[in-house]
Amino acid sequence: MARRLTWDEKGKNQLVEKDEPLIKRIKAPYVDNSALIKDNALTLIGRTTNPQEQRIWALIPALPRKWQLQGRVSGSDLGNGCFQFRFEREEDLKRVLENRPYHFAYWMVILQRWEPVISATFPSQIPFWIRIKGLPLHFWHEDMLRDIGKDLGTLMNHELTKTLARIQVLVDGLKPLVKKSIVEFDSGEESLIHLEYERLENHCSLCNALSHLKKDCPSFTGDNQATTQHQETKVREMSERDLSNARPLLYSNMEQDHTSLHREGEKQGTTTRETSS
């Protein structure tokens, strides 16, 4: 009788490890790229913040329709969620940059002037006008606005009136937005300020990232979901209870109105008969 093979011999106790895709390193030769750098001078590089929702093939023809350009522009997909627009006129390119930020399919779009850099995080900058709420009125000072802006990113501009305090800041769109900040004063006092981003589209209300919604947030754990579902259930129960309490009152009022109309009709009928007699 032939000997039975063991599990090890059959290979059933061995874990099959899948080989990772081979990534080959290629040494780049020296090239004189000065002509290419000059040729790309009128180019904007863009990035989607949510590639699953923003299709570049649809974005490329859609964005130029908003720009009202004088010259021609051509766009193409660069891969990895990035794209480019090549302009004929410097004036058109500058006007597009001045009117940022842009969005597509209800998600923000990152758009920067091309630079001869090699970086996985380029482009990343979005200019936002940010309204400052909660700052004590006796500190509505231009120096205060400048310091707040510099702490948030690259300060581009600011506006201060008797009723409005806002700053224009170039922020990193690949990182979560800062929506609250504590201002520390020389007196030792502190003030919590809220930052409202103008023209901000879809983003996560939990971590403030531009790449997903709260329901898809990695920070949205099972405990968070259970708490949210519990709150939603309570709100729904309260609404149903209020509605059920309102129904008897509604029907009661309708019955009272019906009774009042019936009595009013009887009175009118009696008055008519007395007049006729």
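Predicted model, so just to flag it, every value in this text is computed and none were measured. (Residues numbered from 1 in each chain as written. Predicted model: local features only at pLDDT ≥ 70, side-chain atom pairs only at ≥ 80, totals over all residues. Heavy atoms only, no water.)

A. Region of interest: the sheet that holds strand E7 (residues 154-160). One open sheet holds the five strands; their spatial order is E7-E8-E6-E10-E9, and the pairing between them is antiparallel. Because the sheet does not close on itself, it has two edges, and the strands there are E7 and strand E9 (180-184). Each neighbouring strand pair of the sheet contributes to a mean axis angle of 35°, computed without reference to strand direction. Strand direction decides the pairing type here: E9 and strand E10 (residues 190-197), joined by five bridges, are antiparallel. (Pairing = 2+ DSSP bridges. Helix = DSSP H or I, 4+ residues; strand = E, 2+ residues; numbered from the N terminus. Axes fitted to C-alpha atoms, helices over the stretch in contact; angles between N-to-C directions.)

B. Representation of unusual backbone geometry within the structure. Cis geometry is adopted by the peptide bond preceding Pro101, which originates at Arg100 and carries an omega value of 10°. Within the secondary structure layout, Pro101 lies in the loop between helix H5 (90-98) and strand E4 (102-104). The linkage connecting Phe122 with the following residue, Pro123, adopts the cis geometry, with an omega of 0°. Assignment of secondary structure puts Pro123 in the loop between strand E5 (107-113) and strand E6 (125-133). At Gln68, a position not held by glycine, the phi torsion is positive, near 50°. Inspection of the secondary structure puts Gln68 in the loop between helix H4 (64-67) and strand E2 (73-79). Its identity as a non-glycine residue notwithstanding, Tyr106 has a phi of 70°, on the positive side. Along the chain, the position of Tyr106 falls in the loop between E4 and E5. The class of Tyr106 is exposed, set by a relative accessible area of 59%. (Buried < 20%, exposed > 50% of the residue type's maximum accessible area, 1.4 Å probe, protein only.)

C. Up close: the packing of aromatic side chains. The final tally for this structure, using the stated rule, is six aromatic pairs. A centroid spacing of 5.0 Å and a plane angle of 80° characterise the contact between Trp67 and Phe85, whose relative ring orientation is edge-to-face. You can see Trp67 sitting in helix H4 and its partner Phe85 sitting in strand E3 (residues 82-87), a full 18 residues away along the chain. Residue class for Trp67 comes out buried when judged on its relative accessible area of 5%. Residue Phe85 is classed as buried on the basis of its relative accessible area, which comes to 1%. Centroid distance Phe83 to Phe85: 5.7 Å. Interplanar angle 80°. Geometry classified as edge-to-face. Every member of this aromatic cluster is reached through a ring pair, and the members are Trp67, Phe83, Phe85, Phe87 and Tyr102. The ring of Trp129 has Arg166 sitting right over it, with the charged end atom 3.9 Å from the ring centre. (Phe/Tyr/Trp six-rings, centres within 6.5 Å; stacked < 30°, edge-to-face > 60°. Lys NZ or Arg CZ within 6 Å of the ring centre and 35° of its normal.)

D. Structural view of the nonpolar core. Judged by nonpolar contacts, the single largest core of 23 residues is most densely connected at Phe128, Ile130, Ile132 and Ile167. For this core, the secondary-structure elements that each account for two or more residues are E5, E6, helix H6 (142-152), strand E8 (165-172) and E10. Aside from chain neighbours lying at most four places away, what touches Ile132 is Leu145, Ile148, Ala165, Ile167, Ile193, His194 and Leu195. (Core = buried A, V, L, I, M, F, W, Y, C linked by side-chain atoms within 4.5 Å. Contact = heavy atoms within 4.5 Å.)

E. Structural detail: the confidence of the model for the chain. Of the residues in the chain, 73% have a pLDDT of 70 or more, and the chain-wide mean is 85. For residues 246-255, every residue scores under 50 in pLDDT, and the model assigns this stretch zero contacts once sequence neighbours within four places are set aside. Across residues 270-277, where pLDDT falls below 50, the model places zero contacts with residues more than four positions away in sequence or in other chains. (pLDDT = per-residue confidence, 0-100.)

F. Examining H5 more closely. Along H5, the residues that are buried comprise Asp92, Leu93, Val96 and Leu97. Projected down its long axis, H5 shows its buried positions confined to an angular sector of 135°, all on one face. Its buried side turned inward, H5 meets strand E1 (43-48), H4, E3, E4 and E5. (Arc of directions from axis to C-beta.)

G. Summary view of the environment of Thr43. Tracing the backbone through its elements, the reader meets Thr43 in strand E1. With a relative accessible area of 1%, Thr43 lands in the buried category. Distance in space between the C-alpha atoms of Thr43 and Arg113 is 6.2 Å, their sequence separation being 70 residues. Not counting the four nearest positions on each side in its chain, Thr43 is found in contact with Gln84, Phe85, Arg86, Leu93, Gln112, Arg113 and Trp114. Of the polar contacts made by the side chain of Thr43, one reaches the backbone oxygen of Asn40; its length is 3.2 Å. (Polar contact = N/O pair within 3.5 Å; in protein donor to acceptor, adjacent residues only side chain to side chain.)

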